[in-house]
Amino acid sequence: MKKKTHKRPSWDEYFLEMARLVAKRSTCLRRSVGAVLVKDKRILATGYNGAPKGLGHCLDIGCLREKLKIPSGQRHELCRALHAEQNALIQASLYGISVRDSTLYSTCQPCVICAKMLINAGINEIVIADGYPDRMAMDFLKQAKIRVRRLMHKK
């Protein structure tokens, strides 16, 4: 009898696929983003982009940024949603989980606001699926010596 061959995903592929699953909960009309914070191959927290708890979601009430024709990567303050990375950090803090020396897996490169938060939270590596038009974020992460790797999706 022939043994079935089964290719297990690498840890990076596994956690990035988890981030893709988390992104499916996003309520943003422009970009669905998921983030997973991992340490020692254990998930610490997850987050997706959406409105703060108790506030209306863009899915339900519309997107202010779309109405104002604001380009991607600009004027983050004119958005009702929190970013996936922010929600993952907040979730960890709500439950008293330290994220120091952890890795962030995200479906999208962090913006500069999220990059600054991740730097101060002590994240040591970021693995992304897609880029984002924010060069300053990448410059800050490089200066902070946080390794950023882009993992290409294998079908």
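In this report, we go over the structure that sits alongside the text.

The rules behind each value
Residues numbered from 1 in each chain as written. Predicted model: local features only at pLDDT ≥ 70, side-chain atom pairs only at ≥ 80, totals over all residues. Heavy atoms only, no water. Helix = DSSP H or I, 4+ residues; strand = E, 2+ residues; numbered from the N terminus. Rg over C-alpha atoms; globule rule 2.2 N^0.38 Å. Buried < 20%, exposed > 50% of the residue type's maximum accessible area, 1.4 Å probe, protein only. Arc of directions from axis to C-beta. Contact = heavy atoms within 4.5 Å. Salt bridge = Lys/Arg side-chain N within 4 Å of Asp/Glu carboxyl O. Pairing = 2+ DSSP bridges. Axes fitted to C-alpha atoms, helices over the stretch in contact; angles between N-to-C directions. Expected span 1.5 Å × (residues − 1). Disulfide = S-S within 2.5 Å.

**Re the overall build of the protein**
Line of reasoning, step 1. Of the regular secondary structure elements, the protein holds six helices and five strands.
Line of reasoning, step 2. Written out in order from the N terminus, the α and β elements of the protein read α-β-β-α-α-α-β-α-β-α-β.
Line of reasoning, step 3. The C-alpha radius of gyration computed for the protein amounts to 16 Å, which stays within 12% of the reference 15 Å derived for 155 residues, consistent with globular compactness.
Line of reasoning, step 4. Counting only C-alpha atoms, the protein reaches 60 × 35 × 30 Å along its principal axes.

**Quick notes on helix α5 (residues 112-121)**
Note that an α-helix has 3.6 residues per turn; residues three or four places apart therefore point the same way.
Line of reasoning, step 1. All of the buried residues in α5 are Val112, Cys114, Ala115 and Leu118. Seen along its axis, α5 keeps its buried residues to an arc of 155°; they face one direction.
Line of reasoning, step 2. At its buried positions, α5 is contacted by α4 (84-94), β3 (103-106), β4 (125-128) and α6 (135-143).
Line of reasoning, step 3. Phi turns positive, to about 90°, at Gly122, one or two residues after α5.

**Focus on the pattern of salt bridges**
Line of reasoning, step 1. Inspection of the entire model under this criterion finds eight salt bridges.
Line of reasoning, step 2. For the salt bridge of Arg30 with Glu66, the shortest nitrogen-to-oxygen distance reads 2.8 Å. Of the two residues, Arg30 is situated in the loop between α1 (11-23) and β1 (34-39) and Glu66 in helix α3 (residues 64-67); the sequence distance between them amounts to 36 residues.
Line of reasoning, step 3. Judged by relative accessible area, which is 33%, Arg30 ranks as partly exposed.
Line of reasoning, step 4. Taking the shortest distance from any N to any O, the salt bridge between Arg75 and Glu77 comes out at 2.5 Å.

**Quick word on the sheet that holds β1**
Line of reasoning, step 1. In spatial order, the strands read β2-β1-β3-β4-β5; together these five strands make up an open sheet with mixed pairing. With one partner strand each, in any of the chains shown, β2 (42-48) and β5 (147-150) form the two edges of the open sheet. Ignoring strand direction, the axes of neighbouring strands in this sheet form an average angle of 20°.
Line of reasoning, step 2. Strand contacts of α4: β1, β2 and β3, with the helix running at about 130° to β2, the strand carrying the most contacts.

**Some points on α1**
Line of reasoning, step 1. An ideal rise of 1.5 Å per residue puts 18 Å on 13 residues; α1 measures up with 18 Å between its terminal C-alpha atoms.
Line of reasoning, step 2. Among all positions in α1, only Asp12, Glu13, Phe15, Leu16, Ala19, Val22 and Ala23 are buried.
Line of reasoning, step 3. The secondary structure elements touched by the buried residues of α1 are β1, β2, β3, β4 and β5.

**Thoughts on the state of the cysteines**
Cysteine pairs can be covalently joined through their sulfur atoms, and such a bond is termed a disulfide.
Line of reasoning, step 1. Evaluation of the coordinates by the stated rule reveals zero disulfides.
Line of reasoning, step 2. Unpaired in this structure, Cys63 has its nearest cysteine sulfur neighbour in Cys58, at a distance of 5.1 Å.
Line of reasoning, step 3. Looking at Cys79, it has no disulfide partner, and the nearest cysteine sulfur is the one in Cys58, 5.6 Å off.
Line of reasoning, step 4. Note on Cys79: relative accessible area 27%, which makes it partly exposed.

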